[in-house]
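What follows is the residue order along each chain.
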Amino acid sequence: MSRESRAYRTEGIVLRRRNIGEADSIFVVFGEERGKFEGVARGIRKARSRMRGHLEPLTFSRFLMARGRNLDVFTQAETVRSFPNVAADLDRWATASYLLELVDRFTVEHAPNRDLFHLLYASLESLDGGSAADLVPRYFELHVLALTGFDVYLDGCAACGGRLPPENTLVAAAAGGLVCRQCRPEAGTGRLLSVPAIKVLRHARRASLPEFVALRVPGAVVEELRAALGDFVRYHLERELGTARFVEELRASGSITAQNADT
Ligand SMILES: [Zn+2]
């Protein structure tokens, strides 16, 4: 086989690293073209490695890869876009790490999802640009659910399809969205959402991210959304995806996990 056919170029946002051996690391990357993939970077933890800094979680980089027998190998890495304001702010960094982890948990390898890639990129850009750090993850949660097959139904009762009057309304993950009064007994556990919270959710569903984060949303409503969307994320990760450890972390930390990038 020629050298050319064993090498290829690709790019993506680094989600996670795992160190192996003395100086190597495995990186998990989410790319527009390839979806989630991983590869090994040999010697990256040595001071003279030229890939250091270009292969870090929360960096959008371009890579030259070599096909390996088991794992492909990162042979070159070059930063396309970093998010320095996120990296410099602990709260934003924790939020961004949570988004990276959601992408990791809600995707399987080698299944491209361009819309999800664009959502992640836009969300990191938005956080980096100083947008409301409490609204970006709520928008992200709603849309990551929709883009991975777990859409939250908001346009009527998720159980019977009936119209919903403008009043406090149950939202239940097992039912798949909002639930009318008649269907409540069979809906499973959930929580009541206020009319303003429902309006904001519906807006989040239709609006672009920049439109959504420009909204002024009262803290109590943001808190309602955080709790309700957290229910959906936990429900699907637990039931469909079985990522119990992450769910425990979510529970313990109130939906934000700081990614432990270097251990
Ligand atoms: Zn109903």
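Residues numbered from 1 in each chain as written. Predicted model: local features only at pLDDT ≥ 70, side-chain atom pairs only at ≥ 80, totals over all residues.

With that settled, the discussion passes to the overall build of the protein. Along the backbone of the protein there are 9 helices and 8 strands. A globule of 263 residues ought to have a C-alpha radius of gyration of about 18 Å, and the protein, at 20 Å, matches this closely. Principal-axis analysis of the C-alpha atoms gives the protein an extent of 65 × 35 × 30 Å. Going through the 263 residues of the protein one by one, you find that 40% of them count as buried. (Helix = DSSP H or I, 4+ residues; strand = E, 2+ residues; numbered from the N terminus. Rg over C-alpha atoms; globule rule 2.2 N^0.38 Å. Buried ≥ 20, exposed ≤ 12 C-beta atoms within 10 Å, placed from the backbone.)

With that settled, consider the environment of D89. Of note, D89 is situated in the loop between α2 (84-87) and α3 (90-106). Classification of D89 by C-beta neighbours within 10 Å gives partly exposed; the count is 16. For D89 and E33, which are 56 residues apart along the polypeptide, the C-alpha to C-alpha distance reads 30 Å.

In terms of nonpolar packing, the biggest core is built from 72 residues, with A96, V103, L120 and V179 touching the most fellow members. Structurally, this core is a two-domain feature, drawing no fewer than three residues from each of domain 1 (3-82) and domain 2 (85-253). (Core = buried A, V, L, I, M, F, W, Y, C linked by C-beta atoms within 7 Å. Domains from an automatic or database assignment.)

With that out of the way, let us pick up the sheet that holds strand β2 (residues 24-31). Read around the closed barrel, 5 strands run β1-β2-β3-β5-β4, paired in mixed fashion. Ignoring which end each strand starts from, the neighbouring axes of this sheet average 45° apart. As paired strands, strand β3 (residues 35-41) and strand β5 (residues 72-82) are joined by 2 bridges and run parallel to one another. Note on β5: the bridge partner recorded for V40 is V73. Along the sheet face, α3 touches β1 (7-20) and β2 and points at about 105° away from the line of β1. Seen against the sheet, helix α4 (residues 114-128) touches β1, β2 and β4 (59-66) and runs at an angle of roughly 105° to β2. (Pairing = 2+ DSSP bridges. Axes fitted to C-alpha atoms, helices over the stretch in contact; angles between N-to-C directions. Contact = placed C-beta atoms within 7 Å.)

What follows is about the confidence of the model for the protein. Of all residues in the protein, 92% attain a pLDDT of 70 or more, and the chain-wide mean is 91. Below pLDDT 50 for its whole length, residues 256-263 participates in 16 contacts with residues either more than four positions away or in separate chains. (pLDDT = per-residue confidence, 0-100.)

What follows is about helix α5 (residues 136-147). For α5, built from 12 residues, the straight-helix expectation of 16 Å at 1.5 Å per residue is met to within 8% by its first-to-last C-alpha distance of 16 Å. In terms of residue burial, α5 counts as a mostly covered element, since 10 of its 12 residues are buried. Regarding α5, the residues found buried are V136, P137, R138, Y139, F140, E141, L142, H143, V144 and L145. At its buried positions, α5 is contacted by α3, α4, α6 (195-206), α7 (209-213) and α8 (219-241). (Expected span 1.5 Å × (residues − 1).)

Each assigned domain of the protein is listed here: domain 1 (3-82) and domain 2 (85-253). Centre-to-centre, using C-alpha coordinates, domain 1 lies 30 Å away from domain 2. Along the lines of polarity and charge, the residues of the side of domain 1 that touches domain 2 split into 8 nonpolar, 2 polar and 5 charged. (Nonpolar A, V, L, I, M, F, W, Y, C, P; charged D, E, K, R; others polar.)

Here we come to unusual backbone geometry. Of note, the phi angle at L58 is positive, near 80°, even though the residue is not glycine. Secondary-structure assignment places L58 in the loop between β3 and β4. A positive phi angle, close to 60°, is found at H110, a residue other than glycine. Within the fold, H110 resides in the loop between α3 and α4. The class for H110 is exposed, based on 9 C-beta atoms found within 10 Å.

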